[in-house]
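# Commentary on secondary and tertiary structure
Spelled out, the chains give:
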Amino acid sequence: MNNFTDREINLICNLEANQTIAIKQYTADLAFTVRSLARIIAKAHPDVAICQFSQALGLKQIQIQSEGETLTQSNLFPLPQMGQDPMLHYLDCYYQSDADCILIFLDLHKYIQPPNSDRAIESYLRTIGTDVVKSDNYKRLILIGENVVLPPELIRLIPITEMPLPTADKRTAALSLKLKEIKTETINLNNLTEATAGLTVREIFNQFEHYYKHCVLKGLAIKEEDLIAHFVDYKTKLLKSLKIEVKPPIANLSFGGHGELRTWLNGVREVIKPEARDYGIPFPKGCLLAGVSGVGKTLIAEAIANSWNLPLIKISIPKLKGGLVGESEGNLTKALKLIESVQGVLLIDEVEKCVSGADTDSSGVTGGMLSILLEYMQEQTKHFVILTANNVLKIPAELMRKGRLDEVWFAGLPNLEERQEILQIHFNQPKRVKPEYLGGVKRLIPLLADRTELFSGAELAALVTQGLTNIYLDGRGGMPQSSDFIPLAQNLVPLAKSQPEQHEKVMQWSLKARNTSSYEPNNKTHSTTVSQC
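Calculation notes
- Residues numbered from 1 in each chain as written.
- Predicted model: local features only at pLDDT ≥ 70, side-chain atom pairs only at ≥ 80, totals over all residues.
- Heavy atoms only, no water.
- Helix = DSSP H or I, 4+ residues; strand = E, 2+ residues; numbered from the N terminus.
- Buried < 20%, exposed > 50% of the residue type's maximum accessible area, 1.4 Å probe, protein only.
- Contact = heavy atoms within 4.5 Å.
- Areas by Shrake-Rupley, 256 points an atom, 1.4 Å probe, with all protein chains shown as cover.
- Core = buried A, V, L, I, M, F, W, Y, C linked by side-chain atoms within 4.5 Å.
- Salt bridge = Lys/Arg side-chain N within 4 Å of Asp/Glu carboxyl O.
- Pairing = 2+ DSSP bridges.
- Axes fitted to C-alpha atoms, helices over the stretch in contact; angles between N-to-C directions.
- Phe/Tyr/Trp six-rings, centres within 6.5 Å; stacked < 30°, edge-to-face > 60°.
- Expected span 1.5 Å × (residues − 1).

## A look at the overall build of the protein chain
- The secondary structure content of the protein chain amounts to 20 helices and 14 strands.
- A total of 533 residues make up the protein chain; the buried ones form 48% of that total.
- Considering only contacts within the protein chain whose residues lie at least 6 apart along the sequence, 76% involve residues at least 24 apart.
- Taken as a whole, the protein chain presents about 25,800 Å² of accessible surface, with 51% of it coming from carbon and sulfur.

Okay, structure coming up:
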């Protein structure tokens, strides 16, 4: 059993003799892919020798037998001499040889990627891609690896195809095969198939066997819910390896402000329910939350997932960035495939860094990530996607098109009432203020809110924390006083005041989006206004 679709099988087997091809996949299990590939080729070309080369094993011939595939020492080409580069040696042997053969190179693309590209290997591939086609022998060079990307001068010579993840039908067939082996027929294949979305056939086999052996050793019965939990746990570990968080709903999570957004989300909550599909209403796509730093965009996403009783899946674009060309795009594709079966709220932080050069921290991240994300957003039907962006001036227009997102929101600074709400939340956190002093704090909050215009939610939280810290360090008990906080508020300069030009540009951009709150400055010297929804 293999992951290749009929399209890929036809492409691989029906290429003209002597043509070079590259195959990229989004998992690191190259050995299983090579064996599947060899079996496909051997069926179409039984008389042609099939060899593989890797830095770890050198050159090996793949022998196809009814019970499986084996690797043997190849006598097709002479061994390299002492000190000779084995990759260059076998590329040269392939180029010069008159033998009919198929040579599969593992991870060769890593040696022809800038900035450390091996020009000699690149030159050989260019020569093979042009001259070998004229040969009368049946020879084919196949480059296979994870996240294969070729230099521009080789793209026209070497076609690239993707090694797809198995379809639902292939996952069902793999699971059915394993269930028959252990003679179990009480498990619902549909539920298992959904739980294994994003896994290769090899991973499905391995994880099924791990679970079965665990049950045998512990004397446990095979249960559908336990097997599903085993696959989900394995996928969660894979997601963690990509620095992707999956958080269950958190009790009693709240945030202040953003009243307009709250009203909109109340309507979305009803559309999320399966009953809406009975009326032909599609699953909502999601929204973009753009705005200044510190207004609680990530907290909003967590609170939405909590109120809807859905898990939060958090993807950070900078954390997916890889050092090799194509690695960033591959990591994003792999992550999106793995979360296919998990319905929930998908938070993609700092989405503006999908664009090359969006920030000095994102150098090396290409616009290819943006293309992958846009295609996913257009097609997906299981996640309410929340995109966040801090640098609103770098947000690409493609992200804001209807059909990919339901709404574009600007998370601006809180208005007077919302500042009171935010301050109330932070003063009311456990153990911060004794119950007998809450009445006095309630009178303090309006005074403090009136003196904190242009403060973000994060800056208000810092103000409360610093004031209570000072009270603790002074060794004073009793009720928090205005004198503990008003001077702090006067001395704390919010970003909106310390960077007025940047703030003015951000506020001008906000006119393109709906405002999450109804903020209007009450300082007559500050001229910017924001449209209300």
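Text resumes after the structure shown.
## Things to note about the nonpolar core
- Among the nonpolar cores identified, the biggest contains 59 residues, and Ile315, Leu346 and Leu387 are the most heavily contacted of them.
- Excluding anything up to four places from it in sequence, Leu346 contacts Ile313, Ile315, Leu336, Ile339, Tyr376, His383, Phe384, Val385 and Ile386.
- Ranked by size, the runner-up nonpolar core spans 24 residues in total, among them Cys93, Leu108, Val148 and Leu154.

## Quick look at the pattern of salt bridges
- All told, the structure shown has 17 salt bridges when counted by the stated rule.
- Between Lys382 and Glu194 there is a salt bridge whose closest N-O contact spans 2.5 Å. Of the two residues, Lys382 sits in the loop between α14 (368–379) and β12 (383–389) while Glu194 sits in helix α7 (residues 189–195), which places them 188 residues apart along the sequence.
- Note that Arg514 is salt-bridged to Glu407, the shortest N-O span being 3.3 Å. Here Glu407 lies in strand β13 (residues 407–411) and Arg514 lies in strand β14 (residues 514–515), a separation of 107 residues in the sequence.
- Glu407 gets classed as buried once you look at its relative accessible area, which sits at 16%.
- When salt bridges that share partners are traced, they join Arg35, Arg39 and Glu69 into one network.

## Brief notes about the sheet that holds strand β11 (residues 344–349)
- If you walk across this open sheet you meet the seven strands as β8-β10-β11-β12-β9-β13-β14, and the pairing is mixed. Edge positions in the sheet fall to β8 (245–247) and β14, since each has one partner strand and no second.

## Focus: the sheet that holds strand β6 (residues 139–146)
- Ordered in space as β4-β3-β2-β5-β6-β1-β7, the seven strands form an open sheet in which the pairing is mixed. Each of the sheet's edge strands pairs with one partner strand only, and the pair in question is β4 (68–73) and β7 (160–163). The mean inter-strand angle of the sheet, taken between neighbouring strand axes irrespective of direction, is 30°.
- Pairing geometry for strand β5 (residues 101–106) and β6, over six bridges, is parallel. Looking at the pairing, Leu103 lines up with Leu141 of β6.
- Relative to the sheet, helix α2 (residues 30–44) contacts β1 (21–25), β2 (49–54), β3 (58–65), β4, β5, β6 and β7, its axis offset from that of β6 by approximately 155°.
- Lying over the sheet, helix α3 (residues 86–96) contacts β2, β3, β5 and β6, oriented at roughly 160° with respect to β5.

## A closer look at the packing of aromatic side chains
- By the definition in use, this model includes seven aromatic pairs.
- Each ring, one from Phe53 and one from Tyr90, has its centre 5.5 Å from the other, and the planes form 50°; the classification is tilted. Within this pair, whereas Phe53 is found in strand β2, its partner Tyr90 is found in helix α3, the two being separated by 37 residues in sequence.
- Among the residues examined, Phe53 registers a relative accessible area of 2% and is labelled buried.

## What about helix α8 (residues 201–218)?
- In this model α8 runs 26 Å from its N-terminal to its C-terminal C-alpha over 18 residues, within 8% of the 26 Å that 1.5 Å per residue would give.
- Of the positions making up α8, those classed as buried are Val201, Glu203, Ile204, Phe205, Gln207, Phe208, Tyr211 and Cys215.
- For α8, the secondary structure elements touched by its buried residues are α2, α6 (168–181) and α9 (224–241).
- A positive backbone phi angle near 70° is found at Gly219, which sits one or two residues after α8.

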